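Commentary on secondary and tertiary structure
One letter stands for each residue in the lines below.
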Amino acid sequence: MTKNVAIVGAGFSGAVIAHQLAKAGYQVEVFESRSHIAGNCHSERDAETNVLVHVYGPHIFHTDNERVWKFVNEFSQFMPYVNRVKAITNNRVFTLPINLLTINQFFDKTFRPAEAQEFLASLGDKTIENPVTFEDQALRFVGRELYEAFFKTYTVKQWGLQPTELPASILKRLPVRFNYDDNYFSHKYQGMPKDGYTAIVEKILDVPGITVHLNTAFNPDQKGDYDHVFYSGPIDAWFGHREGRLPYRTLDFEVHRDKGDYQGNAVINYCDNAQRYTRITEHKHFSPWEQHEGTVCYFEYSRQCEEKDTPYYPIRLARDKVQLEKYVRLANEEPNVTFIGRLGTYRYLDMDVTIDEALRTADKFLECASDKAQM
Ligand code: UDP
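Residues numbered from 1 in each chain as written. Predicted model: local features only at pLDDT ≥ 70, side-chain atom pairs only at ≥ 80, totals over all residues. Heavy atoms only, no water.

1. Some details on the pattern of salt bridges
Threshold: Whenever a carboxyl oxygen of Asp or Glu lies within 4 Å of a side-chain nitrogen of Lys or Arg, that contact is scored as a salt bridge. Note on conventions: DSSP H or I runs of at least 4 residues are helices, E runs of at least 2 residues are strands, and numbering of each starts at the N terminus. Throughout this description, buried means an accessible area under 20% of the type-specific maximum (1.4 Å probe, protein chains only), exposed means over 50%, and partly exposed covers the range between.
Scanning the entire structure with this criterion turns up 20 salt bridges. In this structure, Lys 326 and Glu 243 form a salt bridge, with 3.8 Å as the shortest nitrogen-oxygen distance. Note that Lys 326 is positioned in helix H10 (residues 321-333) and Glu 243 in the loop between helix H9 (235-238) and strand S12 (248-259), a separation of 83 residues in sequence. Residue Lys 326 is classed as partly exposed on the basis of its relative accessible area, which comes to 34%. Judged by its relative accessible area of 31%, Glu 243 falls in the partly exposed class. One salt bridge in this structure joins Glu 307 and Arg 245, with 3.3 Å as the shortest N-O distance. Taken as a pair, Glu 307 in the loop between strand S15 (294-304) and strand S16 (313-314) and Arg 245 in the loop between H9 and S12 lie far apart in primary sequence, 62 residues in all. In this structure Glu 307 comes out as exposed when scored by relative accessible area, which is 66%.

Right under this line is the structure:
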């Protein structure tokens, strides 16, 4: 008898699991409450300019994971793309992540790598042995001046919290380099899907046995209709928020259309308080192989996520740990339901990690199913 599986959410997590299970012979129904697939990676062409836009903000694919890279390349050509972010602070433009050019320009020096490393070490607060907070991590490794110029205000704008309240892990996402490499990421593979992320997810879902229902919410009461449910919605929503709402940041985008080149780069961060927005994304620069007369920019504003909003960043503060643990316990006890992805596990995940976890989740599920069949 064919087994039926429901997958809630058509982002990378849900689509990858749907793909793997359908290929193994399962009948998979995907329920997506929005009007489109691909979750927050969704990209579409702007009606006025035809520029491919990352509707929920910038997504750059980068990974060291061979399996993930091979997997995504089955569904799209990846165009060479290196993310080189600029940052404006105190009316000056710098390159990020902090690299030798940033350090030399900021301090008006001509250091070579070893000199810069020594200089930054002299600025770092060595009394902080084990950085726990975002601020500790910054003060320990780059010192107060760079911290205040690039991280402190941006982080308050982004998270609505002081860096003393946030975990060091958020800043650990960014490297500090003592050479002139201004590639924002350190991974071996990096690129942009030629036709956008939604086109990839569409292909991932294009397997016999998968049915996608758009604009269709899934009610936990329906789970009895399926042998198994993979749920990539917010973990607290599945349990009716019975332990309270887990906090998220959401983003608002002010759209600016123009002609030509508005800012000369895909992403420019605004690290001080001169503007309320955190960054401006000019989407056409993500597809440099395309030619467009017009341009579309998103001015990005971060704020507390309300019930009606799209959740983006899980806040995961140490003080909310107890609440999260309660949900994780409930999730572990929920029979025939697997919680997956950024919202289902309430973690700040990059796309490659999401795909890797989805592939492993599918492997494990299929292995268990075949073990059971042999018993
Ligand atoms: N960050 C910052 N200044 C910047 C860029 C990043 O302070 O110019 C901090 C900020 O707290 C941010 C974190 O570093 O949330 C991680 O940055 P990343 O660029 O990875 O954020 P994402 O693109 O995922 O929003």
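2. Overview of the packing of aromatic side chains
Applicable threshold: Stacked, edge-to-face and tilted are the three classes for Phe, Tyr and Trp ring pairs, Trp counted by its six-membered ring, which pair at centre distances within 6.5 Å; planes under 30 degrees apart are stacked, over 60 edge-to-face, the rest tilted. Lysine and arginine charges are scored as sitting over a ring when NZ or CZ, respectively, is within 6 Å of the ring centre and within 35 degrees of the ring normal.
For the structure shown, the criterion picks out 37 aromatic pairs. Aromatic ring contacts, followed pair by pair, group Phe 31, Phe 218, Tyr 226, Tyr 231, Trp 238, Phe 239, Tyr 327 and Phe 339 into a single cluster. Of note, Arg 34 hangs over the ring of Tyr 56, and the distance from its end group to the ring centre comes to 4.7 Å. The cationic tip of Arg 140 hangs over the ring face of Phe 141; the distance from NZ or CZ to the ring centre is 5.2 Å.

3. A closer look at unusual backbone geometry
Negative phi is the rule for most residues except glycine; trans is the rule for most peptide bonds. Along the chain, Leu 96 connects to Pro 97 via a cis peptide bond; the corresponding omega equals -5°. Along the polypeptide, Pro 97 turns up in the loop between strand S8 (92-96) and helix H3 (100-107). We note that Asn 215 has phi near 50°; this positive angle belongs to a residue other than glycine. Within the element layout of this structure, Asn 215 appears in the loop between strand S10 (210-213) and strand S11 (228-231). Residue Asn 215 is classed as exposed on the basis of its relative accessible area of 56%. The phi dihedral of Tyr 346 is positive, around 55°, even though this residue is not glycine. Counting through the fold element by element, Tyr 346 comes out in the loop between helix H11 (341-345) and helix H12 (351-374). Residue Tyr 346 is classed as buried on the basis of its relative accessible area, which comes to 2%.

Interpretation in functional terms is not warranted from these geometric data alone.
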